Every structure is written in C-alpha cells, then in structure tokens.
Amino acid sequence: MRISDVLRAKGDQVVTVAPDTDVARLLAVLAEHRIGAVVVSRDGAAVDGIVSERDIVRALATRGAAVLAEPVAAILTAEVRTISPDASLAEAERMMTERRFRHVPVVVDGRLSGIVSIGDVVKKRIDELEDERSTLTGYITGER
Ligand code: AMP
C-alpha cells in the first residue's frame, strides 16, 4: 500500500496559509477545516514550512496571548519532512513515529500534491489488516 492509495481515497487538497498570516487567523483556519496543521506556502505550491496546533500551544505557553497577533512565520517549523506518493505507508508510519509528528506533506517535483496525517495512515493500515484477516479466515474455513 502506497501514499498514492491514501490520496486516491481522501483527495489531494492541502490547506495552506501565507507566512504573513497572523496566528489568530491561523487558529480560525484550523477550526474551520477541522485540521491540526497547515502547510505554510507563499504560492500555494512550494512548501515553505508547516505549523501545527502544537506550535501554537508552545508559543502561547512561552510568549502569551501576544503571539496571536504575530505572523505564522514566527512559529512555523521551516525544515519540513516530505514524502513522495510512491512511498509505502510503512515508510510514512516510521517517519512520523521516529520524528514525532503527525503530518507529512506529499511533494512531487517540489510542488505540494497532498498531505497525510497519522490518522489517515493508521486507518489505511487497519483496512489492510482486516482484508488480510478475512482472506486468511476464508482459506481456513474453505470459503476461498
Ligand atoms: P504535529 O504532531 O504534526 O502536530 O507536529 C509536531 C511538531 O512537528 C510541530 O512543531 C510541527 O511544526 C512539526 N511538524 C509537523 N509535521 C512536520 C513535518 N512533516 N516535517 C517537519 N516538522 C513537522
């Protein structure tokens, strides 16, 4: 199972914000789309950073409510790990577990072409295991 299989089911839409968007607006975007992270991009295609609810919590805890008026550029993670649509689900799972983040933008030729979350990956892995279990049960009971 590959990243492209996940994107086929969920689509390739990625919510992005420009680096000069303020943090208060970022909160509204996260709430509006019911998501935990957005890709920061100047042109909607290149990945200039990623900002998740964790970055907001950390900034609020250290700098207080003043951070709401600051630009997203002040709190984003600039070194973003990305993945190719051809990569396996297991690779994405390993990357997210080892590096302790829950989102990975999918990039082709330097352009955004989707995003996967740990939730997407776990859901697909469960589907995969259930298919395998039902095939094996079929063999044992002679139904296949
Ligand atoms: P998350 O678990 O995705 O909410 O993110 C936890 C932390 O990792 C935050 O500081 C994010 O900005 C950062 N982060 C999230 N996704 C990535 C990624 N793909 N590459 C690098 N950093 C990331």
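Look a little higher up for the structure.
On a predicted model such as this, the values are computed, not experimentally measured, just so you know.

Caption draft 1: Structural detail: the site of the ligand. Neighbouring the ligand are 14 residues; Ser52, Asp55, Thr77, Arg102 and His103 lie closest to it. Take Thr77: an N or O atom from its side chain is 2.7 Å from an oxygen atom of the ligand. For the ligand, whose free accessible area comes to 480 Å², the fraction covered by protein is 93%.

Caption draft 2: Focus on the pairing of strand E3 (residues 49-52). Here E3 shows two buried faces, one formed by Gly49 and Val51 and the other by Ile50 and Ser52. Across four bridges, the pairing between strand E2 (residues 37-40) and E3 is antiparallel. From the neighbouring strand, Val38 faces E3, where its bridge partner is Val51.

Caption draft 3: The sheet that holds strand E1 (residues 16-17), seen in detail. If you trace the three strands from one edge of the open sheet to the other, you get E1-E2-E3, paired in mixed fashion. Strand pairing shows two members of the sheet lacking a second neighbour, E1 and E3, which therefore form its edges. Pairing geometry for E1 and E2, over two bridges, is parallel. Counterpart to Val17 in the pairing with E2 is Val40. Sheet strands in contact with helix H2 (residues 23-33) are E1, E2 and E3, and its direction is about 125° off that of E2.

Caption draft 4: Up close: the pattern of salt bridges. Enumeration over the complete set of coordinates arrives at ten salt bridges. As a salt-bridge pair, Arg58 and Asp55 come within 3.6 Å of each other at their nearest N and O atoms. Placement of the pair is Arg58 and Asp55 together in helix H3 (residues 53-63), with a separation of three residues, close to one helical turn. Judged by relative accessible area, Arg58 falls into the exposed class, the value being 52%. Residue class for Asp55 comes out buried when judged on its relative accessible area of 10%. Ionic pairing is found between Glu93 and Arg125, a salt bridge with its closest N-O pair at 2.8 Å. With Glu93 in helix H4 (residues 89-99) and Arg125 in helix H5 (residues 118-141), this residue pair connects regions lying 32 residues apart in the sequence. A relative accessible area of 22% places Glu93 in the partly exposed class. Where salt bridges share partners, they join Glu93, Arg125 and Glu128 into one cluster.

Cut-off values and rules
- Residues numbered from 1 in each chain as written.
- Predicted model: local features only at pLDDT ≥ 70, side-chain atom pairs only at ≥ 80, totals over all residues.
- Heavy atoms only, no water.
- Near = heavy atom within 4 Å.
- Polar contact = N/O pair within 3.5 Å; in protein donor to acceptor, adjacent residues only side chain to side chain.
- Areas by Shrake-Rupley, 256 points an atom, 1.4 Å probe, with all protein chains shown as cover.
- Buried < 20%, exposed > 50% of the residue type's maximum accessible area, 1.4 Å probe, protein only.
- Helix = DSSP H or I, 4+ residues; strand = E, 2+ residues; numbered from the N terminus.
- Pairing = 2+ DSSP bridges.
- Contact = heavy atoms within 4.5 Å.
- Axes fitted to C-alpha atoms, helices over the stretch in contact; angles between N-to-C directions.
- Salt bridge = Lys/Arg side-chain N within 4 Å of Asp/Glu carboxyl O.

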